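Examining the three-dimensional arrangement
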Amino acid sequence: MQYLVGDAGALGWVALKALLLFITAVAGFRIAERRTIAELGAFDFVAAVACGAIVGRVPNAPTTSYLAGAVTLVTILLAHAALTRLRMNPSLATLIDHPPRVLVSHGRIDEHQLTRSGLTREDLYGVLRSHNVDSLHDVRFVIFEQRGTVSVVRSGDSDVTASRHGLVPRGHS
């Protein structure tokens, strides 16, 4: 029966550690930069998963204190904040984020960039349908963005407008 119930007297401490770590995580994310779920980069995802693992596992570890869990949690959050700031430096940003990739240029699919992005032609066609594009001839550019979204610049969009607003990566206008 001990294997099923464990030390029932320790359950209160488990609950308290879980509550305190949850509050610590919420406070840490509240203090951190605002980012939407849709904009999670690889380092955002890793930080979120690591924080979830800490909040989920530390309370059940009888040899790990709340303080040890909180220090671990705060360390992850500080590392995430540092990486977020480092992304502001263009030369360091290239090490942290994937660059945008032009998948279609003037109606022609770049198979190499499509493959590097982990997409198939069927994926591309699905994206085009979701943007109400019937033909590749209607497309000036399809860009696989840093965060995994896909932008479509139609042929009717002017070169000047697309370039001025940074819609097209350098060297592709």
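Model, not experiment: these values are computed from the prediction.

A separate point is the environment of glycine 41. If you trace the backbone, glycine 41 turns up in the loop between helix H2 (11–31) and helix H3 (42–57). Each C-alpha atom of the pair glycine 41 and aspartate 97 lies 7.3 Å from the other, and the pair is 56 residues apart in sequence.

Attention now moves to the sheet that holds strand S1 (residues 101–105). Ordered in space as S2-S1-S3-S4, the four strands form an open sheet in which the pairing is antiparallel. Only two strands of the sheet have a single neighbouring strand rather than two, namely strand S2 (108–109) and strand S4 (150–154). Both S1 and strand S3 (residues 139–144) contribute to a ladder of four bridges, which runs antiparallel. Residue pairing across strands places valine 104 opposite valine 142, the latter belonging to S3.

We now examine the packing of H2 against helix H4 (residues 66–86). One can describe the packing of H2 onto H4 by two numbers: an axis separation of 10 Å at closest approach and a directional angle of 20°. Relative to H4, the element H2 lies roughly parallel. Helix-helix and strand crossings are classified by hand; for H2 and H4 the assignment is right-handed. The residues of H4 that touch H2, namely those facing Lys17, Leu20, Leu21, Thr24, Ala25, Gly28 and Phe29, are Tyr66, Gly69, Ala70, Leu73, Val74 and Leu77.

Residues Val104, Leu124, Leu128, Val139 and Val142 are the most contacted members of the largest nonpolar core, which totals 13 residues. Of all the secondary structure elements, the ones that give two or more residues to this core are S1, helix H7 (121–130), S3 and S4. The leading source of residues in this core is S3, at three residues. If we skip the residues at most four places from it in the chain, valine 142 touches Arg101, Val102, Leu103, Val104, Leu124, Leu128, Val150, Ser151 and Val152. Among the nonpolar cores identified, the runner-up in size contains eight residues, and Cys51, Ile54, Val58 and Leu73 belong to it.

Now for a nonpolar patch on the surface. A cluster of nonpolar side chains, contributed by Trp13, Leu16, Leu19, Leu20, Phe22, Ile23 and Val26, occupies part of the molecular surface with about 690 Å² of accessible area. Within the element layout of this structure, tryptophan 13 appears in helix H2.

Looking now at the confidence of the model for the protein. With 83% of its residues at a pLDDT of 70 or more, the protein shows a mean pLDDT of 83. In this model residues 160–165 is a low-confidence stretch, pLDDT under 50, and it forms four contacts with partners more than four residues away in sequence or in other chains.

Relative to the elements of secondary structure, arginine 101 occurs in strand S1. Buried arginine 101, no salt bridge; nearest opposite-charge side chain is aspartate 110, N-O distance 8.9 Å. Of note is the side chain of arginine 101, whose polar atom sits 3.3 Å from the side chain of glutamine 113.

Helix length check: H3, at 16 residues, gives a terminal C-alpha distance of 22 Å against a target of 22 Å (1.5 Å per residue), a fit within 8%. Those residues of H3 not exposed but buried are Phe43, Asp44, Ala47, Cys51, Ile54 and Val55. Burial along H3 is one-sided: seen end-on, the buried residues are contained in an arc of 105°. Away from the buried face of H3 by more than 90 degrees, exposed residues Ala42, Phe45, Val46 and Arg57 are located. Where H3 is buried, its residues touch H2, H4 and helix H5 (90–96).

Definitions and limits used
- Residues numbered from 1 in each chain as written.
- Predicted model: local features only at pLDDT ≥ 70, side-chain atom pairs only at ≥ 80, totals over all residues.
- Heavy atoms only, no water.
- Helix = DSSP H or I, 4+ residues; strand = E, 2+ residues; numbered from the N terminus.
- Pairing = 2+ DSSP bridges.
- Axes fitted to C-alpha atoms, helices over the stretch in contact; angles between N-to-C directions.
- Parallel < 35°, antiparallel > 145°, perpendicular 65-115°, else oblique.
- Left-handed = near helix turned anticlockwise from the far one by under 90°.
- Contact = heavy atoms within 4.5 Å.
- Core = buried A, V, L, I, M, F, W, Y, C linked by side-chain atoms within 4.5 Å.
- Buried < 20%, exposed > 50% of the residue type's maximum accessible area, 1.4 Å probe, protein only.
- Patch = residues over 30% accessible without salt bridge, like charges linked within 9 Å, V, L, I, M, F, W, Y side chains within 5 Å.
- Areas by Shrake-Rupley, 256 points an atom, 1.4 Å probe, with all protein chains shown as cover.
- Salt bridge = Lys/Arg side-chain N within 4 Å of Asp/Glu carboxyl O.
- pLDDT = per-residue confidence, 0-100.
- Lys, Arg positive; Asp, Glu negative; His and termini not counted.
- Polar contact = N/O pair within 3.5 Å; in protein donor to acceptor, adjacent residues only side chain to side chain.
- Expected span 1.5 Å × (residues − 1).
- Arc of directions from axis to C-beta.

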